[in-house]
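Inside the fold
The residues making up each chain are set out below.
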Amino acid sequence: MGYLTTSKKKITANTFLELKAAGEKIAMMTAYDYTTATIIDQAGIDSLLIGDSASNVMCGNDDTLPITVDEMIYHAKAVARATRHALVVCDMPFGSYQVSRDEGVRNAIRIVKESGVDAVKLEGGRDIVDTVCGIISAGIPVVGHLGLTPQSVHVFGGYGLRAKDEAEAERLMADAKALDEAGVFALVLEKVPAALAARVSHEVKAATIGIGAGNGTDGQVLVYADALGFSHDFKPKFLRRFADAQQCITDGVTQYVSCVKDSTFPNADESY
Ligand code: KIV
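Since the structure is predicted, the reported quantities are computational estimates derived from the model, not experimental observations.

Once that is clear, we can look at the overall build of the protein. Along the protein, the regular secondary structure elements total 11 helices and 8 strands. A compact globule built from 272 residues should have a C-alpha radius of gyration of about 19 Å, and the protein, at 20 Å, falls within 12% of that. Out of the 272 residues belonging to the protein, those deemed buried represent 49%. Long-range pairs, those at least 24 residues apart, make up 58% of the contacts in the protein with a sequence separation of at least 6. Side-chain charges of the protein comprise 26 positive and 35 negative groups, with the mean position of each set lying 3 Å from the other.

The structure is reproduced here in structure tokens:
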């Protein structure tokens, strides 16, 4: 752990910028419920993201599109209640900010007011800058999200690498600069070439957080269920599995079933 993150003080949007300036990497992970968020926060994560990936991980949907503002608030409340140290960021779900600036600002205020999170994250570039400015003016720190933006999966036609060609890379660079000018304090870069992510990180003031974007970003984010091995099916090149929760839970459940079946649970000490 670095010198900035060893203090148990609450991490803020400003801390992200201090960490970037100090060259200390930022570790972010998703969480969607109280119990998991408590463990991850106490383990020393810098930031917890209530990603709209809750749609896939918590609800079993094929994509992030169906999750609603009410459902995001339900998950965000639980994570915010659990968190003492990490900066808590909540995704604005599909449909909650694309129609108009006013609707985006209203939904961002609702999410922060009802859940207690510290910041919101929106997908998109120059097209959403006006809304981003409105949310920041309302006093809410904003995280941007460029590259593979899963809410636009049907436009991309899949979840492949983004910004491979020069034209798309330049568009992404212009989007990053526009969001930076608008005042985002952090910028998620998902599934883009490492060289481009490093270049963006160098050229913007915001702290860049990569997922499938190489090692040149200011920090990294992973979905906790992927990083901790709750499932073995999702195996993109960028993913490293840091634990094997699926095996651990399977072993525990197998033992529990066996002890119930052979009547060794509960024993006398476990009875009243
Ligand atoms: O929803 C999510 O989990 C995300 C991360 C992958 C960055 O947006």
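What the 8 strands build is a closed barrel, ordered β1-β2-β3-β4-β5-β6-β7-β8; its pairing is parallel. Within this sheet the neighbouring strands show an average axis-to-axis angle of 25°, counted without direction. In terms of strand pairing, strand β4 (residues 119–121) meets strand β5 (residues 142–147) through 2 bridges, oriented parallel. Paired with K121 across the two strands is V143, which belongs to β5. The strands that helix α8 (residues 166–182) touches are β5 and β6 (186–190); relative to β5, the one it contacts most, it runs at about 175°.

Turning our attention to the pattern of salt bridges. Counted under the stated rule, the structure contains 13 salt bridges. For R101, the salt bridge identified is with D130, shortest N-O distance 2.7 Å. Taken together, the positions of R101 in helix α5 (residues 101–115) and D130 in helix α6 (residues 129–137) put the pair 29 residues apart, joining distant regions of the chain. Of the charged contacts in the structure, one is a salt bridge between D244 and R241, with a shortest N-O distance of 3.9 Å. Accessibility expressed as a relative area gives 42% for R241, which makes it partly exposed. What emerges from the salt-bridge pattern is a single network uniting E170, K177, R199 and E203.

Parsing the protein into structural domains produces domain 1 (13–241) and domain 2 (245–272). Here the C-alpha centroids of domain 1 and domain 2 sit 39 Å apart.

The subject of this paragraph is the packing of aromatic side chains. If you walk through the whole model with that rule in mind, you get 4 aromatic pairs. Ring geometry for F16 versus F185: centroids 5.4 Å apart, planes at 70°, classification edge-to-face. Taken together, the positions of F16 in helix α1 (residues 13–22) and F185 in the loop between α8 and β6 put the pair 169 residues apart, joining distant regions of the chain. Considering the side-chain rings of Y224 and F230, the 5.4 Å spacing of their centres and the 75° angle between planes classify their relative orientation as edge-to-face.

A few words now on the side chain of R162. As for its position among the elements, R162 is in the loop between α7 (153–156) and α8. Overall, the relative accessible area of 15% leaves R162 in the buried class. Among all residues touching R162, those that are not within four sequence positions of it are G147, L148, F156, E168, K191, V192 and P193.

This paragraph deals with the state of the cysteines. Applying the stated criterion to the full structure yields 0 disulfides. We note that C248 lacks a disulfide partner, and the nearest cysteine sulfur, in C259, lies 15 Å from it. For C259, a relative accessible area of 27% gives the class partly exposed.

The rules behind these values
- Residues numbered from 1 in each chain as written.
- Predicted model: local features only at pLDDT ≥ 70, side-chain atom pairs only at ≥ 80, totals over all residues.
- Heavy atoms only, no water.
- Helix = DSSP H or I, 4+ residues; strand = E, 2+ residues; numbered from the N terminus.
- Rg over C-alpha atoms; globule rule 2.2 N^0.38 Å.
- Buried < 20%, exposed > 50% of the residue type's maximum accessible area, 1.4 Å probe, protein only.
- Contact = heavy atoms within 4.5 Å.
- Lys, Arg positive; Asp, Glu negative; His and termini not counted.
- Charge placed at Lys NZ, Arg CZ, Asp CG, Glu CD.
- Pairing = 2+ DSSP bridges.
- Axes fitted to C-alpha atoms, helices over the stretch in contact; angles between N-to-C directions.
- Salt bridge = Lys/Arg side-chain N within 4 Å of Asp/Glu carboxyl O.
- Domains from an automatic or database assignment.
- Phe/Tyr/Trp six-rings, centres within 6.5 Å; stacked < 30°, edge-to-face > 60°.
- Disulfide = S-S within 2.5 Å.

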